Amino acid sequence: MQHRVRAVLLTPNNTTLLIKRLRPGVDPYWVIVGGKIEPTDASPEEALLREVREEIAGEAEIVRHLRTIETDTDHEDFYLATIEKWSFEDRTGPEFSEEGRGEYLLEEIPLTTEAIGAINLLPREIAVVLRAAVERGELLAAG
């Protein structure tokens, strides 16, 4: 089972940063910034901060653990984190240079139930969690 960490990144603009994936033969979908925990990572939180640095050249501050989602192949820990500066042009993650992986686009999505519901955010369970958190006002309070 692959252990992954993901950061629901809350910006000063009351948005979240998501990566839109465009792959041949697949409908567009969005994912939350993050990736695999490496053996050299001291903790899941350190892995998360490394992934944010690699994928969007940003420095995040972890607020709290949000949710764990398990499937047959993955164990994913989702965290709420704040971020003030990032640069998608300066990303360094190895996946960005691999042939055949399709396109990666960084998008700022408003923290509204309508905006989150209008995109194909995967995994679907995290989209439900985020919409509910927005409805309760939890995400704006976390920043």
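Scroll up to find the structure.
Residues numbered from 1 in each chain as written. Predicted model: local features only at pLDDT ≥ 70, side-chain atom pairs only at ≥ 80, totals over all residues. Heavy atoms only, no water.

Enquirer: Any chance you could break down the environment of Arg6 for me, citing the residues and the numbers?
Expert: Along the polypeptide, Arg6 turns up in strand E1 (residues 2–10). Among the residues examined, Arg6 registers a relative accessible area of 13% and is labelled buried. On a C-alpha basis, the gap between Arg6 and Leu48 in space is 6.4 Å, while along the polypeptide they are 42 residues apart. The residues touching Arg6, leaving out its near neighbours within four places in the chain, are Ile32, Val33, Gly34, Gly35, Leu48, Glu76, Asp77, Phe78 and Tyr79. (Helix = DSSP H or I, 4+ residues; strand = E, 2+ residues; numbered from the N terminus. Buried < 20%, exposed > 50% of the residue type's maximum accessible area, 1.4 Å probe, protein only. Contact = heavy atoms within 4.5 Å.)

Enquirer: Any details on the packing of aromatic side chains? Residues and values, ideally.
Expert: Under the definition given, this model contains zero aromatic pairs. The residue whose ring lies beneath Arg21 is Tyr104, and the NZ or CZ to ring-centre distance is 3.9 Å. Sitting above the plane of the Phe88 ring, Arg91 keeps its charged end 4.2 Å from the centroid. (Phe/Tyr/Trp six-rings, centres within 6.5 Å; stacked < 30°, edge-to-face > 60°. Lys NZ or Arg CZ within 6 Å of the ring centre and 35° of its normal.)

Enquirer: Give me the environment of Ser87: which residues, what numbers.
Expert: The residue Ser87 is located in the loop between strand E6 (74–83) and strand E7 (103–110) in this model. Judged by relative accessible area, Ser87 falls into the buried class, the value being 17%. Residues Ser87 and Ile126, 39 residues apart in the sequence, show an inter-C-alpha distance of 25 Å. When residues no more than four places from it in sequence are discounted, the contact partners of Ser87 are Ile56 and Ala57.

Enquirer: An account of helix H1 (residues 44–56) is requested, with residue identities and associated values reported.
Expert: Residues separated by three or four positions in an α-helix point in the same direction, a consequence of the helix having 3.6 residues per turn. Compared with an ideal rise of 1.5 Å per residue, which puts 13 residues at 18 Å, H1 spans 18 Å between its outermost C-alpha atoms and is within 8% of the ideal. Looking only at H1, the buried set comprises Ala47, Leu48, Leu49, Arg50, Glu51, Val52, Glu54, Glu55 and Ile56. Residues of H1 that are buried in the fold lie against E1, strand E2 (15–23), strand E4 (34–36), strand E5 (60–70), E6 and E7. Looking one or two places after H1, you find Ala57, whose phi comes out positive at around 50°. (Expected span 1.5 Å × (residues − 1).)

Enquirer: Which residues make up the pattern of salt bridges, and what values go with them?
Expert: Applying the stated criterion to the full structure yields nine salt bridges. Measuring nitrogen to oxygen at the nearest pair gives 2.7 Å for the salt bridge that ties Arg6 to Glu76. Within this pair, whereas Arg6 is found in strand E1, its partner Glu76 is found in strand E6, the two being separated by 70 residues in sequence. Pair check on accessibility: Arg6 and Glu76 agree, each one buried. Arg136 is the salt-bridge partner of Glu138, the closest N and O atoms lying 2.7 Å from each other. What makes Glu138 partly exposed here is its relative accessible area of 27%. Linked by salt bridges that have partners in common, Asp41, Arg50, Glu51 and Glu54 make up one network. (Salt bridge = Lys/Arg side-chain N within 4 Å of Asp/Glu carboxyl O.)

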